[in-house]
Amino acid sequence: MDISEIIIAGDTPGVEWRLPVFRFKGTKPEAPRTYIQAALHANELPGTALLHFLLERLRQAESEGGILGDITVVPQANPIGAAQAHFGELQGRFDLGTRTNFNRDFPLIALGERPSLVENIDRHSAVDRLKRHLLSMALGAELVLDLHCDDEGLQYAYVDETFWPEASDLAAALDMQAVFLSDGESSAFEEAVAHAWKHESAGERRTSLPGRLSVTVELRGTRDVYPEMARKDAEGLYRFLAGRGVVAAENHPLPAFGVVAPLDNIEIIRAPEAGAILFHRDVGESVKAGELLATIIARPGMADGALEVRAPQDGLIVTRVSTRFARRRADLMKIACGEPSRAVRKPGTLEA
């Protein structure tokens, strides 16, 4: 295993960021190359914990000659965001300097333009340099996993329709309970990778990418950072790598996975008014149309002060916010359903 650091100079004097990168050299040139990163949203740490235990497992495999394909691992992909706290609370999702989501605005390039990502890189801001280094490393692989988590949620993933159903092996290996099929129309990290693959050269657009995968994995919620969970997820990810021929291991039957829904079938439940949130249903529960999901106490003590929020259709509650106060139209839940939502959705990601 080789450990190196990418040094990113800050945008003010005397500041620099260090990005540790772990690399394993495979013994079979034909085996898939893999890139895995965590904590691009720096306050989402289940993936960092998973990769800590996965690296332990990979070191063991390396000592036994079991690394078949090249593997690159970045356990903490955003040292800039990890240093941004506001009144003692780690932010991590948005850059405080630009107010930009750390997982948006990745360059959308053709694969043949990969060298341009790091050419004259010093002319870019620190955040853009970070994004360009991450994307450049990922485009050297065939399997790319970006590990995130939700606020409160089940184990699920965003998978570009191009990679489905081939990616069902990842969903099964990580014991996911839902898969959201995305349209690949955003500038998020995993979609920027897929965009480059689809547009291998200028003017080209591929609709099939066999053997490749670029995916966002949502590892439950922000507080689900426990050794038992991280070890279980690391073993699941190792099983996926074994199944794809990246590492040597016995192949075991994979469990079935849960709900598969295109983004148009995701009901985003929003608060009708600001107020305290009283949840009546939890993540992982199936609901029927019309069932009470939450009560918003908009005007405490008033006879008409409590507003009911009900399910628009049958589905599985995949995520829920951890806060108990909502602003008007704030997200409360995501429900994966069998039918499209009546709400209008713009192409791209579900949220900013």
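Residues numbered from 1 in each chain as written. Predicted model: local features only at pLDDT ≥ 70, side-chain atom pairs only at ≥ 80, totals over all residues. Heavy atoms only, no water.

Caption draft 1: Looking closely at the sheet that holds strand 19 (residues 325-326). One open sheet holds the four strands; their spatial order is 17-16-14-19, and the pairing between them is antiparallel. One side of each edge strand has no neighbouring strand; the edge strands of this open sheet are strand 17 (306-310) and strand 19. Of the strand pairs in this sheet, strand 14 (residues 275-279) and strand 19 are connected by two bridges, and their pairing is antiparallel. Bridged to glycine 275 within strand 19 is alanine 326. (Pairing = 2+ DSSP bridges. Helix = DSSP H or I, 4+ residues; strand = E, 2+ residues; numbered from the N terminus.)

Caption draft 2: Highlighting helix 5 (residues 189-198). Judged by how many residues are buried, helix 5 sits mostly within the fold: nine of 10 residues are covered. Every buried residue belonging to helix 5 is among Phe189, Glu190, Glu191, Ala192, Val193, Ala194, Ala196, Trp197 and Lys198, and all of these are buried. On the buried face of helix 5, the contacting elements are strand 3 (34-38), helix 3 (126-138), strand 7 (143-150), strand 9 (155-160), strand 10 (178-182) and strand 11 (213-221). (Buried < 20%, exposed > 50% of the residue type's maximum accessible area, 1.4 Å probe, protein only. Contact = heavy atoms within 4.5 Å.)

Caption draft 3: The pattern of salt bridges, seen in detail. The tally for this structure, following the rule as stated, stands at 25 salt bridges. Note that arginine 18 and glutamate 16 form a salt bridge whose closest N and O atoms lie 2.9 Å from each other. For arginine 33, the salt bridge goes to glutamate 142, with nearest N and O atoms at 2.4 Å. Linking arginine 33 in the loop between strand 2 (16-24) and strand 3 with glutamate 142 in the loop between helix 3 and strand 7, this pair joins segments that are 109 residues apart in sequence. Relative accessible area serves as the criterion here: at 15%, glutamate 142 is assigned to the buried category. (Salt bridge = Lys/Arg side-chain N within 4 Å of Asp/Glu carboxyl O.)

Caption draft 4: Quick peek at the side chain of glutamate 191. Tracing the backbone through its elements, the reader meets glutamate 191 in helix 5. Summary of buried charges: glutamate 191 has no salt-bridge partner, and the nearest side chain of opposite charge, lysine 198, is 7.4 Å away. Those residues in contact with glutamate 191 that lie beyond four places of it in its chain are Ser182, Gly184, Glu185 and Ser186. (Lys, Arg positive; Asp, Glu negative; His and termini not counted.)

Caption draft 5: Fine view of the packing of aromatic side chains. Applying the stated criterion to the full structure yields seven aromatic pairs. Centre to centre, the rings of tyrosine 156 and phenylalanine 180 are 4.8 Å apart; their planes meet at 45°, and the pair counts as tilted. Placement of the pair is tyrosine 156 in strand 9 and phenylalanine 180 in strand 10, with a sequence separation of 24 residues. Phenylalanine 180 shares its class with tyrosine 156; the two are buried. Here the basic side chain of arginine 57 rests over the ring of tyrosine 238, its NZ or CZ set 3.9 Å away from the ring centre. The ring of phenylalanine 106 has lysine 131 lying over it, and the distance from NZ or CZ to the ring centre is 5.6 Å. (Phe/Tyr/Trp six-rings, centres within 6.5 Å; stacked < 30°, edge-to-face > 60°. Lys NZ or Arg CZ within 6 Å of the ring centre and 35° of its normal.)

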